[in-house]
Amino acid sequence: MEENKDKSELEDASGIGHFPDDEDLVITSVEMLKKPRHRYQIAFGPYLMTVHEDVMLKYRMLKGNVFRKDELQEIIVADERQRAYVEALNHLARKPRTAREIEQRLLQKGFGPSSIENALERLVRDKLVDDALYAKMWAEQRMTSHKKGRLWVKQELRQKGISPELISHALDGVSRDEELASALTIGRKKWQQTSGELLERKRKTGAYLMRRGFGGEQVRQTLNILIKEDQGEFEWDAEMEDFE
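The structure contained in this document is the topic of the report that follows. (Residues numbered from 1 in each chain as written. Predicted model: local features only at pLDDT ≥ 70, side-chain atom pairs only at ≥ 80, totals over all residues. Heavy atoms only, no water.)

Turning to unusual backbone geometry, a few remarks are in order. Backbone phi values are negative for most residues with the exception of glycine, while trans is the configuration of most peptide bonds. The step from Lys35 to Pro36 runs through a cis peptide bond, and the omega angle for that step is -10°. Following the sequence through the fold, Pro36 ends up in the loop between β2 (29-32) and β3 (39-44). Phi at His38 is positive, roughly 65°, even though this residue is not glycine. Locating His38 in the fold gives a position in the loop between β2 and β3. For His38, a relative accessible area of 38% translates into the label partly exposed. Phi is positive for Lys147, which is not a glycine, with a value near 60°. Looking at where Lys147 falls in the secondary structure, it is placed in the loop between α6 (131-145) and α7 (150-159). (Helix = DSSP H or I, 4+ residues; strand = E, 2+ residues; numbered from the N terminus. Buried < 20%, exposed > 50% of the residue type's maximum accessible area, 1.4 Å probe, protein only.)

On to the packing of α6 against helix α8 (residues 164-172), then. Running from N to C, α6 and α8 cross one another at 45°; their axes reach a closest spacing of 8 Å. Between α6 and α8, the crossing angle belongs to the class labelled oblique. Helix-helix and strand crossings are classified by hand; for α6 and α8 the assignment is right-handed. Of the residues in α8, those touching α6 at Asp131, Ala132, Ala135, Lys136, Ala139 and Met143 are Leu166, Ala170 and Leu171. (Axes fitted to C-alpha atoms, helices over the stretch in contact; angles between N-to-C directions. Parallel < 35°, antiparallel > 145°, perpendicular 65-115°, else oblique. Left-handed = near helix turned anticlockwise from the far one by under 90°. Contact = heavy atoms within 4.5 Å.)

A few words now on the nonpolar core. Core analysis: the biggest nonpolar cluster contains 16 residues, and Ile42, Phe44, Met49, Val51, Met61, Leu72 and Ile75 have the highest contact counts within it. Elements with a minimum of two residues in this core: β3, β4 (47-52), α2 (53-58) and α3 (69-94). Setting aside residues no more than four positions away along its own chain, Phe44 makes contact with Phe19, Leu25, Val26, Ile27, Thr28, Met49, Met61, Phe67 and Leu72. (Core = buried A, V, L, I, M, F, W, Y, C linked by side-chain atoms within 4.5 Å.)

With that settled, the discussion passes to the side chain of Asp79. Take Asp79: it is sitting in helix α3. We classify Asp79 as buried; its relative accessible area is 5%. Looking at Asp79, its side chain comes within polar contact range of the main-chain nitrogen of His52, at 2.7 Å. Ignoring anything within four residues of it in the chain, the contact list for Asp79 reads Arg39, Thr50, Val51, His52 and Val55. (Polar contact = N/O pair within 3.5 Å; in protein donor to acceptor, adjacent residues only side chain to side chain.)

All right, on to the sheet that holds β4 then. Strand order in the open sheet made by the three strands is β2-β3-β4, with antiparallel pairing throughout. Each end of this open sheet is capped by a strand with a single partner; those strands are β2 and β4. Direction aside, the axes of adjacent strands within the sheet are offset by 25° on average. Pairing between β2 and β3: four bridges, direction antiparallel. Paired with Val30 across the two strands is Ile42, which belongs to β3. In the packing of α3 onto the sheet, the strands contacted are β3 and β4, and the crossing angle to β4 comes to about 40°. (Pairing = 2+ DSSP bridges.)

On to the side chain of Thr205, then. Note that Thr205 resides in helix α10 (residues 198-211). What makes Thr205 buried here is its relative accessible area of 0%. Of the polar contacts made by the side chain of Thr205, one reaches the backbone oxygen of Arg201; its length is 2.9 Å. With sequence-adjacent residues up to four places away left out, Thr205 is seen in contact with Gly187, Lys190, Trp191, Thr194, Leu223 and Leu226.

By themselves these figures say nothing about function.
Structure, rendered in structure tokens:
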């Protein structure tokens, strides 16, 4: 039932809903459109439809060739799938994307579930969308270059639709030492910019690191090092428990 509805909607969108049933439809002209690119207008006498160039060539939609309406129904399904794939490629041209981001883009553009699924399958098969690699590269960049903590990056990847398993694997690719080095870099800068008593500097710097996504253990280690750098050896006290 749903499939028939989708096909009916595609017929209306493509303009073939009013094409006659059970009649031979002869192509009388094939004209390339100026916009959008790579699309052609196919005329069957007074009846018009448009298709992507790849679909036109695949189905040999050339002047003089004959089609039936049921064949054209298959063609418009193939055409929508091709349009969805091209739209996904255009979205990927700007920067890498996750499968979820591509799916959301195609939904916004009005493509149906089957066309979106088909486009994603092609992109994954061609290794143009790889959530595992994306998560790995994102985690490395955000935690080392942008100095974000593990918790921050985990939340970002969740929002991008990366699975928990892939997130965990990506985060494991960045060592605790590397994360601590990032915490120290931004923590040291915040410490130097903060005035006041020791406890006040600890509170403000620790809270800043927590907001950046660093966990309690990383914050405690960072503060310990910063205090030693600033005042020499220092023993932890119970107040460090604030950064659990």
